[in-house]
Amino acid sequence: MNARKSQVSVLEQYRVALQNAKEQPAIASEMAELSYDEIKISQGEQLLNETRTAFDFNTKEDQESIEASAAFKKEKEALKTLYKKHRKKAKAMLRKTPETLSKIGIDGQIPDAYTNRIEAIRKFYRDIDATILEKLAPVKITADDISQGDAQIKKVETARAAYLREVGESQDATKQKDAAFAKMDDWMRDFYAVANIALEDQPQLIEALGRKRKS
């Protein structure tokens, strides 16, 4: 069972426990004797609502992070495909002028690290001037192609910024959710400790609170 499914189960267990502790007379009366009256149970329900809200918000932020990651990868792949095509053509046409290959940054390997790779691609599209473009005319690399490359770089950078923003928001939402669960779990530990005492003579009622009876 993954963590999210486990937390869904915990939320449901707590919801049932608090509802039955308030609405099932046999449980409510015994719990009230040990200070867990309707007001006290309502405090637990409020905590549960806060925990559920934090959980749902975290789920939403996680999904947005996944979508932003997919969008970033899509734009990055589109740039990779475009650049490799243009790079291959340029290397073929400029192979006899190594200084030109160096000028537009295609005299070595394509860097693996993202920041180095994007800078190499940026250099390629930025430093192809009119003279070089004229030499690339036979392989159908035009000014429009250079503009397309520049535009795709901007798309990648925009998508990456959005992705990193969503990751940060997701991480913050996870911290908020974990804090809410910690507070809720602590409250419920006290609740169950009291329930075990209150229902000691009626152990079958413990199951109504989401706990298995001890054999």
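First, a word on what this report is: a plain description of the structure on this page. Note that the coordinates shown come from a computational prediction; the quantities given were computed from them, not determined experimentally.

1. Considerations on helix H5 (residues 114–127)
Phase 1 of the analysis: Between its first and last C-alpha, H5 extends 20 Å over 14 residues, near the 20 Å set by a 1.5 Å rise per residue.
Phase 2 of the analysis: Taken together, the buried residues of H5 touch helix H3 (38–94), helix H4 (98–103), helix H6 (130–136) and helix H7 (143–198).

2. Re the packing of H5 against H7
Phase 1 of the analysis: In the contact formed by H5 and H7, the axes pass within 9 Å of each other and the chain directions differ by 155°. Considering the angle they form, H5 stands roughly antiparallel to H7. Our pair here, H5 against H7, has a crossing hand that is left-handed. Every residue of H7 that contacts H5 at Tyr114, Ile118, Ile121, Arg122 and Tyr125 is listed here: Asp145, Ile146, Gly149, Asp150, Ile153, Val156, Glu157 and Arg160.

3. As for the pattern of salt bridges
Phase 1 of the analysis: All chains considered together, the criterion is met by twelve salt bridges.
Phase 2 of the analysis: Close ionic contact of Glu119 with Arg122 constitutes a salt bridge, the shortest N to O distance being 3.0 Å. Separated by three residues within a single helix, Glu119 and Arg122 lie in helix H5, roughly one turn from each other.
Phase 3 of the analysis: Taking relative accessible area as the criterion, Arg122 reaches 23% and is therefore assigned partly exposed.
Phase 4 of the analysis: Of the charged contacts in the structure, one is a salt bridge between Arg189 and Asp186, with a shortest N-O distance of 3.7 Å. Residue Arg189 and its partner Asp186 are both found in helix H7; the two are separated by three residues, about one turn of the helix.
Phase 5 of the analysis: Note on Asp186: relative accessible area 40%, which makes it partly exposed.
Phase 6 of the analysis: One continuous salt-bridge network, built from bridges that share partners, spans Lys60, Glu61 and Glu64.

4. Some remarks on the side chain of Gln7
Phase 1 of the analysis: Position of Gln7 relative to the elements: it lies in helix H1 (residues 3–23).
Phase 2 of the analysis: A polar atom in the side chain of Gln7 sits 3.1 Å from the side chain of Lys177.
Phase 3 of the analysis: Those residues in contact with Gln7, other than ones at most four positions away along the chain, are Phe55, Lys177, Asp178 and Phe181.

5. Considering the packing of aromatic side chains
Phase 1 of the analysis: Inspection of every chain in the model, using the stated rule, returns ten aromatic pairs.
Phase 2 of the analysis: Ring geometry for Tyr36 and Trp187: centres 5.7 Å apart, planes at 70°, overall edge-to-face. Of this pair, Tyr36 sits in the loop between helix H2 (25–33) and H3 while Trp187 sits in helix H7, placing them 151 residues apart in sequence.
Phase 3 of the analysis: On the basis of relative accessible area, Tyr36 is assigned to the buried category, the value being 7%.
Phase 4 of the analysis: Owing to a relative accessible area of 12%, Trp187 belongs among the buried residues under this scheme.
Phase 5 of the analysis: Aromatic side chains Trp187 and Phe191 sit 6.0 Å apart centroid to centroid with 15° between the ring planes, which places their arrangement in the stacked category. Of the two residues, Trp187 and Phe191 are both situated in helix H7; the distance of four residues between them amounts to about one turn of the helix. Comparing Trp187 with Phe191 shows no difference in burial state: the two are buried.
Phase 6 of the analysis: Taken together through their ring pairs, the aromatic side chains of Tyr36, Trp187, Phe191 and Tyr192 make up a single cluster.

Rules of the game
- Residues numbered from 1 in each chain as written.
- Predicted model: local features only at pLDDT ≥ 70, side-chain atom pairs only at ≥ 80, totals over all residues.
- Heavy atoms only, no water.
- Helix = DSSP H or I, 4+ residues; strand = E, 2+ residues; numbered from the N terminus.
- Expected span 1.5 Å × (residues − 1).
- Contact = heavy atoms within 4.5 Å.
- Axes fitted to C-alpha atoms, helices over the stretch in contact; angles between N-to-C directions.
- Parallel < 35°, antiparallel > 145°, perpendicular 65-115°, else oblique.
- Left-handed = near helix turned anticlockwise from the far one by under 90°.
- Salt bridge = Lys/Arg side-chain N within 4 Å of Asp/Glu carboxyl O.
- Buried < 20%, exposed > 50% of the residue type's maximum accessible area, 1.4 Å probe, protein only.
- Polar contact = N/O pair within 3.5 Å; in protein donor to acceptor, adjacent residues only side chain to side chain.
- Phe/Tyr/Trp six-rings, centres within 6.5 Å; stacked < 30°, edge-to-face > 60°.

Nothing here speaks to function; it is geometry throughout.
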